[in-house]
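# Survey of secondary and tertiary structure
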Amino acid sequence: MNELAGQSTPIDYLPILIQLIVAVGFGVVTIIGTHLIGPKVRTENKLGAFESGVEVVGNARQPFSIKYFLVAILFVIFDIEVIFMYPWAVNFREFGWQGLVEMFVFMGLLLLGFIYIIKKKALDWD
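Residues numbered from 1 in each chain as written. Predicted model: local features only at pLDDT ≥ 70, side-chain atom pairs only at ≥ 80, totals over all residues. Heavy atoms only, no water.

The name given to the chain in an unreviewed UniProt entry is NADH-quinone oxidoreductase subunit A, with Sphingobacterium zhuxiongii as the source organism. Word for word, the UniProt comment on the chain under Sequence similarities (unreviewed entry) is "Belongs to the complex I subunit 3 family." Among the UniProt annotations of the chain, the heading Subunit (unreviewed entry) holds the following wording: "NDH-1 is composed of 14 different subunits. Subunits NuoA, H, J, K, L, M, N constitute the membrane sector of the complex." (UniProt positions renumbered as here; feature names shortened; annotations may be inferred.)

Spelled out as structure tokens, the structure:
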């Protein structure tokens, strides 16, 4: 390594440069390769829009219920809850009683939010 602490030379960045070249090269080669090797048959059916096996009907810009956004936001919130719980569970013994109480407060707040959502009937699809 370097004799002087805290200073880096351009050679220190060589592994990063190699990784960047390999990543970009792989992307370019893959795109060009699939274009050259892939099938060339272009029919009306292949070029048409396809959505889960159903023919497209109507305008794609039509408004739809806000409930879809609400469910998506709720999913993200509860997904983040799990992300916070995993490191807590891994380090459970190090946190002691204080960590246990803090997680119960966190879970209690999430439970209160979930009860509020249910009381407002935000998840009812009628």
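What UniProt calls "transmembrane region" (unreviewed entry) maps, in this numbering, to residues 16–37, 68–89 and 95–118. Secondary structure across residues 16–37 divides into 100% helix and 0% strand, with the first and last C-alpha atoms of the span separated by 31 Å. (Helix = DSSP H or I, 4+ residues; strand = E, 2+ residues; numbered from the N terminus.)

Further remarks concern helix 1 (residues 14–37). Here helix 1 spans 33 Å end to end across 24 residues, near enough to the 34 Å set by a 1.5 Å rise per residue. Among the 24 residues that make up helix 1, 0 are buried, leaving the element largely open to the surroundings. (Expected span 1.5 Å × (residues − 1). Buried < 20%, exposed > 50% of the residue type's maximum accessible area, 1.4 Å probe, protein only.)

Moving on: the confidence of the model for the chain. Reading fine detail from the predicted coordinates is not recommended where pLDDT is low. Across the chain, pLDDT averages 83, with 90% of residues at or above 70. Considering each helix and strand of the chain separately, the mean pLDDT is smallest for helix 2 (residues 44–47), with a value of 76, and largest for helix 1, with 95. (pLDDT = per-residue confidence, 0-100.)

Every α-helix winds through 3.6 residues per turn, so residues three or four apart in the chain are directed the same way. Between its terminal C-alpha atoms helix 3 (residues 67–90) stretches 35 Å, which fits the 34 Å expected from 24 residues at 1.5 Å a residue. Those residues of helix 3 hidden inside the fold are in contact with helix 4 (92–119). (Contact = heavy atoms within 4.5 Å.)

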